[in-house]
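# Architecture and fold: a report
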Amino acid sequence: MSRFLNEKYRKLEAYTPGEQPRDKKYIKLNTNESPYPPSKGVLDAVNSRETADLRLYSDPECKHLRQAIAELYGVDCDNIYLANGSDDILSFSFMAFAGNGVRAAFPEISYGFYKVFAELYNLDYIKIPLKDDFSVCAEDYYGLNCFIVIANPNAPTGKTISKDEIIKILETNPDNVVLIDEAYVDFGGESVYPLIKEYKNLLVVQTFSKARSMAGARLGYAFGDKELISDLNKIRYSTNPYNINRLTLVAGEAAIKENDYYKDNCNKIIETRSFTADALKEIGFEVIDSKANFIFAKSNSVSGEELYKSLKAKGILVRHFSDEKIKDYVRITIGAREDMEVFLETVKEILEEVK
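Residues numbered from 1 in each chain as written. Predicted model: local features only at pLDDT ≥ 70, side-chain atom pairs only at ≥ 80, totals over all residues. Heavy atoms only, no water.

## Thoughts on helix α10 (residues 304-313)
- Residues Gly304, Leu307, Tyr308, Ser310 and Leu311 constitute the buried set of α10.
- On its buried face, α10 is in contact with β9 (285-288), β11 (316-317), β12 (319-320), β13 (329-333) and α11 (337-353).
- Two residues or fewer past α10, Gly315 is found with a positive phi of approximately 90°. (Buried < 20%, exposed > 50% of the residue type's maximum accessible area, 1.4 Å probe, protein only. Helix = DSSP H or I, 4+ residues; strand = E, 2+ residues; numbered from the N terminus. Contact = heavy atoms within 4.5 Å.)

Take a look at the structure:
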């Protein structure tokens with residue numbers, strides 16, 4: 001750390017992204033990427049003509065992509081906000097909707113960036129413990145009078161709360177924004193984006209990274225009342241109005257047009273998730289029921305850290321967290337069926353080695 005860094009950032013604990021080692025070929029089950037490629041239309045859209053136009057700035061209004069999303073979901077263009085990944089939406093939301101006496105509140109065990117953003121913007125915040133079964137207790141958020149952020153499904157557990165519970169959170173916090181982070185909703189969850197027509201304090205955030213196979217393109221979107229969207233655009237136009245590049249915009253539009261392809265892929269992942277969870281249970285693992293494209297599991301025969309290290313040594317990456325409450329678990333992204341079969345055989349080998 002240099003002596004030039006602003007003092008208020010010196011104690012900041014930055015977010016730690018999933019590792020991306022390059023020393024050998026790995027089966028990557030650690031960063032919740034899709035095992036399937038983008039649709040043909042996406043590959044065709046990113047063509048030489050579009051590449052040649054990189055000399056030109058992208059459309060700051062992202063008009064065509066917003067229209068495509070609005071038509072698919074049955075909302076108005078003014079209800080759609082686009083960003084360079086959903087993380088940018090989260091960042092701007094913490095900046096815009098908390099502070100000046102408004103605290104932020106989010107689950108104690110959830111996406112690690114929530115705490116980072118709260119501290120980056122020097123916000124007062126509270127982390128709310130999960131239940132013993134790792135589920136979010138919706139009642140803990142009733143009447144908080146805070147900027148509330150809940151990942152649904154939650155990460156790294158994959159658990160969900162119901163639409164009715166979210167409605168109660170919205171109704172008991174009418175003067176604060178409630179952000180529902182739906183990065184994994186396409187794998188078995190229920191989106192609450194239709195509620196934006198009834199609740200002006202609801203912001204629903206989704207991404208092209210998981211279900212639409214575009215993690216490397218960096219494209220996120222949000223649904224909200226037009227005034228909330230306007231608030232986010234005010235922040236965006238004060239930082240980087242050209243926040244989405246030309247190639248990502250055309251790729252995103254093509255992906256929306258081929259939505260059935262991605263739905264089929266999500267169904268394959270759901271089937272493989274069930275197969276993997278059942279197989280792990282058969283060899284003694286405890287597996288939390290997940291509605292995401294990953295599972296959270298632990299074994300009584302090997303610690304979470306040891307399993308993570310042993311798998312990595314054998315060419316398979318999973319995610320391990322050092323938090324005391326979840327250190328016995330590993331988060332396992334659901335890959336293609338053949339990848340999960342290799343993973344399961346490797347886990348069996350490790351269990352034999354530690355007997």
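## Some thoughts on helix α3 (residues 63-73)
- Listed in full, the buried residues belonging to α3 are Leu65, Arg66, Ala68, Ile69, Ala70 and Tyr73.
- Looking at the buried residues of α3, the elements they touch are β2 (80-83), β7 (202-207), β8 (220-224) and α8 (246-257).
- Phi turns positive, to about 70°, at Gly74, one or two residues after α3.

## With respect to the environment of Phe294
- Positionally, Phe294 belongs in strand β10 (residues 294-299).
- Once the C-alpha coordinates of Phe294 and Pro156 are considered, the two residues, 138 residues apart in sequence, prove to be 8.0 Å apart.
- Not counting chain neighbours up to four residues away, the residues in contact with Phe294 comprise Asn32, Asn154, Ala155, Pro156, Thr157, Gly158, Tyr184, Arg273, Arg331, Ile332, Thr333 and Ile334.

## Some words on the sheet that holds β10
- Strand order in the open sheet formed by four strands is β9-β10-β13-β12, with antiparallel pairing between adjacent strands. This sheet does not close on itself; its edge strands, each paired only once, are β9 and β12.
- Where β9 and β10 come together, four bridges link them in antiparallel fashion. By the bridge assignment for β10, Glu286 is matched with Lys298.
- Sheet strands touched by helix α9 (residues 259-282): β9, β10 and β13. Its angle to β10, the strand with the most contacts, is close to 5°.
- Across the sheet, α11 lies against β9, β10 and β13, angled at about 155° from β13, the strand it touches most. (Pairing = 2+ DSSP bridges. Axes fitted to C-alpha atoms, helices over the stretch in contact; angles between N-to-C directions.)

## Details of the packing of aromatic side chains
- In total, this model carries 24 aromatic pairs according to the counting rule given.
- Pairing Tyr73 with Tyr221 gives two aromatic rings, centres 6.1 Å apart and planes at 45°, and the pair type is tilted. Separated by 148 residues along the polypeptide, Tyr73 in helix α3 and Tyr221 in strand β8 bring together distant segments of the chain. As far as burial versus exposure is concerned, Tyr73 and Tyr221 are alike and both buried.
- Geometrically, the ring pair formed by Phe97 and Phe147 is tilted, given 6.2 Å between the ring centres and 50° between the ring planes. With a gap of 50 residues between them, Phe97 in helix α4 (residues 86-97) and Phe147 in strand β5 (residues 147-151) connect regions that are remote in the sequence. Accessibility assignment for this pair places Phe97 and Phe147 in one class, buried.
- Within the aromatic cluster, the residues linked to one another by ring pairs are Tyr15, Phe94, Phe97, Phe106, Tyr111, Phe113, Tyr114, Phe117, Tyr125 and Phe147.
- One cation-aromatic arrangement involves Lys268 over Tyr36; the distance from NZ or CZ to the ring centre is 5.2 Å.
- Between the NZ or CZ atom of Arg331 and the centre of the ring of Phe294, over which it lies, the distance is 5.6 Å. (Phe/Tyr/Trp six-rings, centres within 6.5 Å; stacked < 30°, edge-to-face > 60°. Lys NZ or Arg CZ within 6 Å of the ring centre and 35° of its normal.)

## Concerning the nonpolar core
- Core analysis: the largest hydrophobic core is formed by 53 residues, its most contacted members being Ile69, Leu82, Ile148, Ile169, Leu202, Phe208 and Phe223.
- When residues of this core are assigned to their parent elements, the largest contribution, six residues, is made by α8.
- Not counting residues within four places of it along the chain, the set of residues in contact with Ile148 comprises Ala105, Tyr141, Ile169, Asn173, Val177, Val178 and Leu179.
- Core analysis: the second largest hydrophobic core is formed by 34 residues, Tyr36, Ala183, Ile269 and Leu344 among them. (Core = buried A, V, L, I, M, F, W, Y, C linked by side-chain atoms within 4.5 Å.)

## With respect to the pairing of strand β3 (residues 104-107)
- Relative to strand β4 (residues 125-128), β3 runs parallel, the two being bridged by four bridges. Residue Ala105 lies in a different strand from β4, and its bridge partner there is Ile126.
- Since β3 and β4 lie parallel, the crossover through helix α5 (residues 113-120) that links them has a hand, and here it is right-handed. (Right-handed = clockwise from strand over helix to strand, strands pointing away.)

## What about the side chain of Ser34?
- Tracing the backbone through its elements, the reader meets Ser34 in the loop between β1 (27-28) and α1 (40-45).
- Relative accessible area serves as the criterion here: at 17%, Ser34 is assigned to the buried category.
- Within the structure, the side chain of Ser34 is placed 3.1 Å from the backbone nitrogen of Tyr36, a separation counted as a polar contact.
- A distance of 3.2 Å separates a polar atom in the side chain of Ser34 from a polar atom in the side chain of Ser213.
- Setting aside anything within four residues of it in sequence, one finds Ser34 in contact with Lys210, Ser213 and Ile269. (Polar contact = N/O pair within 3.5 Å; in protein donor to acceptor, adjacent residues only side chain to side chain.)

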